[in-house]
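Below are the chains, spelled out letter by letter.
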Amino acid sequence: MESIYNPKDNQDIINRIESLTPITLSQWGKMTVSQMLLHCQQPIKLAYGTLQVKPQPLLSFLFGKAAKKKLTSKQPFGKGSPTAKEFIIKHEPDFEKSKKELIELVRVFAKEGHAAIKIEKHPFFGHMTPQDWDAMQWKHLDHHLKQFGA
(Lines give C-alpha, C1' and ligand atoms only; values in the text may rest on other atoms or scores of the structure.)
Protein backbone atom coordinates (compact mmCIF):
# COMPACT_ATOMS: atom_id res chain seq x y z
CA MET A 1 0.00 0.00 0.00
CA GLU A 2 1.12 3.55 -0.65
CA SER A 3 2.43 5.69 2.21
CA ILE A 4 1.61 9.30 2.96
CA TYR A 5 5.14 9.59 4.40
CA ASN A 6 6.80 8.49 1.16
CA PRO A 7 7.70 11.62 -0.86
CA LYS A 8 6.65 10.08 -4.21
CA ASP A 9 3.33 8.76 -2.89
CA ASN A 10 2.74 12.04 -1.08
CA GLN A 11 3.32 13.97 -4.31
CA ASP A 12 0.91 11.65 -6.11
CA ILE A 13 -1.83 12.59 -3.62
CA ILE A 14 -0.96 16.28 -4.03
CA ASN A 15 -1.14 15.96 -7.82
CA ARG A 16 -4.59 14.44 -7.50
CA ILE A 17 -5.71 17.29 -5.21
CA GLU A 18 -4.28 19.82 -7.68
CA SER A 19 -6.33 18.25 -10.50
CA LEU A 20 -9.59 19.30 -8.79
CA THR A 21 -11.47 22.40 -9.90
CA PRO A 22 -14.31 24.34 -8.26
CA ILE A 23 -16.77 22.64 -10.61
CA THR A 24 -15.56 19.06 -10.09
CA LEU A 25 -18.61 16.95 -9.29
CA SER A 26 -18.78 14.01 -6.93
CA GLN A 27 -19.52 10.53 -8.20
CA TRP A 28 -21.36 9.71 -4.95
CA GLY A 29 -22.29 11.35 -1.68
CA LYS A 30 -23.55 14.79 -0.71
CA MET A 31 -20.38 16.88 -0.35
CA THR A 32 -19.25 19.51 -2.79
CA VAL A 33 -15.60 19.52 -3.82
CA SER A 34 -14.90 22.49 -1.49
CA GLN A 35 -16.53 20.72 1.44
CA MET A 36 -14.49 17.60 0.70
CA LEU A 37 -11.23 19.56 0.70
CA LEU A 38 -12.00 21.01 4.12
CA HIS A 39 -13.37 17.70 5.40
CA CYS A 40 -10.12 15.92 4.47
CA GLN A 41 -8.15 18.41 6.57
CA GLN A 42 -9.88 17.42 9.79
CA PRO A 43 -8.34 13.95 10.39
CA ILE A 44 -4.93 15.37 9.50
CA LYS A 45 -5.36 18.20 12.00
CA LEU A 46 -6.39 15.61 14.58
CA ALA A 47 -3.16 13.67 13.94
CA TYR A 48 -1.11 16.87 14.13
CA GLY A 49 -2.75 17.77 17.45
CA THR A 50 -4.28 21.02 16.15
CA LEU A 51 -7.88 19.75 16.30
CA GLN A 52 -9.39 18.44 19.50
CA VAL A 53 -12.22 15.90 19.32
CA LYS A 54 -14.10 14.79 22.41
CA PRO A 55 -13.35 11.13 23.19
CA GLN A 56 -16.18 8.62 22.92
CA PRO A 57 -15.18 6.09 25.62
CA LEU A 58 -18.22 3.82 25.42
CA LEU A 59 -18.34 3.72 21.62
CA SER A 60 -14.58 3.33 21.50
CA PHE A 61 -14.72 0.40 23.93
CA LEU A 62 -17.53 -1.31 22.02
CA PHE A 63 -16.47 -0.66 18.43
CA GLY A 64 -13.08 1.09 18.33
CA LYS A 65 -10.77 -1.91 17.94
CA ALA A 66 -12.87 -3.56 15.25
CA ALA A 67 -13.26 -0.30 13.36
CA LYS A 68 -9.52 0.40 13.63
CA LYS A 69 -8.70 -3.06 12.28
CA LYS A 70 -10.92 -2.44 9.25
CA LEU A 71 -9.59 1.09 8.88
CA THR A 72 -5.95 -0.01 8.78
CA SER A 73 -6.54 -3.01 6.51
CA LYS A 74 -5.84 -2.92 2.77
CA GLN A 75 -9.57 -2.82 2.01
CA PRO A 76 -10.66 0.60 0.70
CA PHE A 77 -13.30 2.65 2.51
CA GLY A 78 -16.83 1.91 1.39
CA LYS A 79 -19.16 4.54 -0.01
CA GLY A 80 -21.28 6.01 2.75
CA SER A 81 -18.84 5.16 5.54
CA PRO A 82 -19.71 6.86 8.84
CA THR A 83 -18.17 10.27 9.54
CA ALA A 84 -17.37 11.88 12.88
CA LYS A 85 -19.71 14.82 13.43
CA GLU A 86 -16.68 17.09 13.95
CA PHE A 87 -15.58 16.32 10.38
CA ILE A 88 -18.90 17.15 8.71
CA ILE A 89 -18.72 20.43 6.77
CA LYS A 90 -22.10 22.11 6.41
CA HIS A 91 -21.08 25.44 4.89
CA GLU A 92 -19.54 26.07 1.47
CA PRO A 93 -15.81 26.78 2.03
CA ASP A 94 -13.61 28.81 -0.27
CA PHE A 95 -12.31 26.31 -2.83
CA GLU A 96 -8.84 27.77 -3.46
CA LYS A 97 -8.13 28.36 0.22
CA SER A 98 -9.28 24.85 1.19
CA LYS A 99 -7.26 23.27 -1.61
CA LYS A 100 -4.10 25.17 -0.67
CA GLU A 101 -4.48 24.35 3.04
CA LEU A 102 -5.03 20.63 2.35
CA ILE A 103 -1.94 20.47 0.15
CA GLU A 104 0.12 22.19 2.86
CA LEU A 105 -1.13 19.72 5.48
CA VAL A 106 -0.38 16.71 3.26
CA ARG A 107 3.15 17.94 2.54
CA VAL A 108 3.99 17.84 6.25
CA PHE A 109 3.77 14.03 6.24
CA ALA A 110 6.56 13.72 3.67
CA LYS A 111 8.60 16.52 5.21
CA GLU A 112 8.45 15.42 8.87
CA GLY A 113 7.68 11.71 8.57
CA HIS A 114 6.47 10.02 11.74
CA ALA A 115 7.37 13.12 13.77
CA ALA A 116 4.37 14.88 12.17
CA ILE A 117 2.03 12.76 14.30
CA LYS A 118 1.48 14.36 17.69
CA ILE A 119 -1.43 12.22 18.91
CA GLU A 120 -0.94 8.60 19.90
CA LYS A 121 -4.47 8.01 21.16
CA HIS A 122 -7.30 8.55 18.70
CA PRO A 123 -10.55 9.58 20.42
CA PHE A 124 -12.41 6.63 18.85
CA PHE A 125 -9.84 4.09 17.61
CA GLY A 126 -7.57 4.23 20.67
CA HIS A 127 -3.79 3.79 20.45
CA MET A 128 -2.49 4.57 16.96
CA THR A 129 1.01 3.91 15.66
CA PRO A 130 2.53 6.12 12.95
CA GLN A 131 1.76 3.23 10.55
CA ASP A 132 -1.91 3.24 11.64
CA TRP A 133 -2.11 6.99 11.03
CA ASP A 134 -0.44 6.45 7.66
CA ALA A 135 -2.99 3.85 6.57
CA MET A 136 -5.89 5.96 7.81
CA GLN A 137 -4.73 9.20 6.18
CA TRP A 138 -3.85 7.54 2.88
CA LYS A 139 -7.12 5.62 2.65
CA HIS A 140 -9.22 8.63 3.66
CA LEU A 141 -7.62 10.93 1.10
CA ASP A 142 -7.71 8.26 -1.61
CA HIS A 143 -11.39 7.56 -0.88
CA HIS A 144 -12.45 11.17 -1.25
CA LEU A 145 -10.24 11.89 -4.24
CA LYS A 146 -11.83 8.89 -5.99
CA GLN A 147 -15.22 10.30 -4.96
CA PHE A 148 -14.38 13.31 -7.11
CA GLY A 149 -12.73 11.39 -9.94
CA ALA A 150 -9.18 12.37 -9.02
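Residues numbered from 1 in each chain as written. Predicted model: local features only at pLDDT ≥ 70, side-chain atom pairs only at ≥ 80, totals over all residues. Heavy atoms only, no water.

Counting across every chain of the model gives two aromatic pairs. With a centroid separation of 5.9 Å and an interplanar angle of 70°, the aromatic rings of Tyr5 and Phe109 are classed as edge-to-face. In this pair, Tyr5 is assigned in the segment before helix 1 (7-18) and Phe109 in helix 4 (residues 95-112), connecting sequence segments 104 residues apart. Tyr5 sits in the buried class, given a relative accessible area of 10%. A centroid spacing of 5.1 Å and a plane angle of 50° characterise the contact between Tyr48 and Phe109, whose relative ring orientation is tilted. Taken together, the positions of Tyr48 in helix 2 (residues 33-48) and Phe109 in helix 4 put the pair 61 residues apart, joining distant regions of the chain. You can call Tyr48 buried: its relative accessible area is 11%. (Phe/Tyr/Trp six-rings, centres within 6.5 Å; stacked < 30°, edge-to-face > 60°. Helix = DSSP H or I, 4+ residues; strand = E, 2+ residues; numbered from the N terminus. Buried < 20%, exposed > 50% of the residue type's maximum accessible area, 1.4 Å probe, protein only.)

So, about the nonpolar core. One finds Leu20, Met36 and Val106 to be the most contacted residues of the largest nonpolar core, which totals 36 residues. Contributing elements (two or more residues each) for this core: helix 1, helix 2, helix 4 and helix 5 (130-147). The biggest single contributor to this core is helix 2, with eight residues. If sequence neighbours within four positions are ignored, Leu20 has contacts with Val33, Met36, Leu37, Phe95, Lys99, Leu145, Phe148 and Ala150. (Core = buried A, V, L, I, M, F, W, Y, C linked by side-chain atoms within 4.5 Å. Contact = heavy atoms within 4.5 Å.)

To continue, consider helix 1. For helix 1, built from twelve residues, the straight-helix expectation of 16 Å at 1.5 Å per residue is met to within 8% by its first-to-last C-alpha distance of 16 Å. Residues of helix 1 that are buried include every one of Asp9, Asn10, Ile13, Ile14, Arg16 and Ile17, and no others. Looking straight down helix 1, one finds its buried side chains confined to an arc of 160°; they lie on one side. For helix 1, the exposed residues set more than 90 degrees away from the buried face come down to Pro7 and Lys8. (Expected span 1.5 Å × (residues − 1). Arc of directions from axis to C-beta.)

Functional significance is not addressed by these values, which are geometric in nature.
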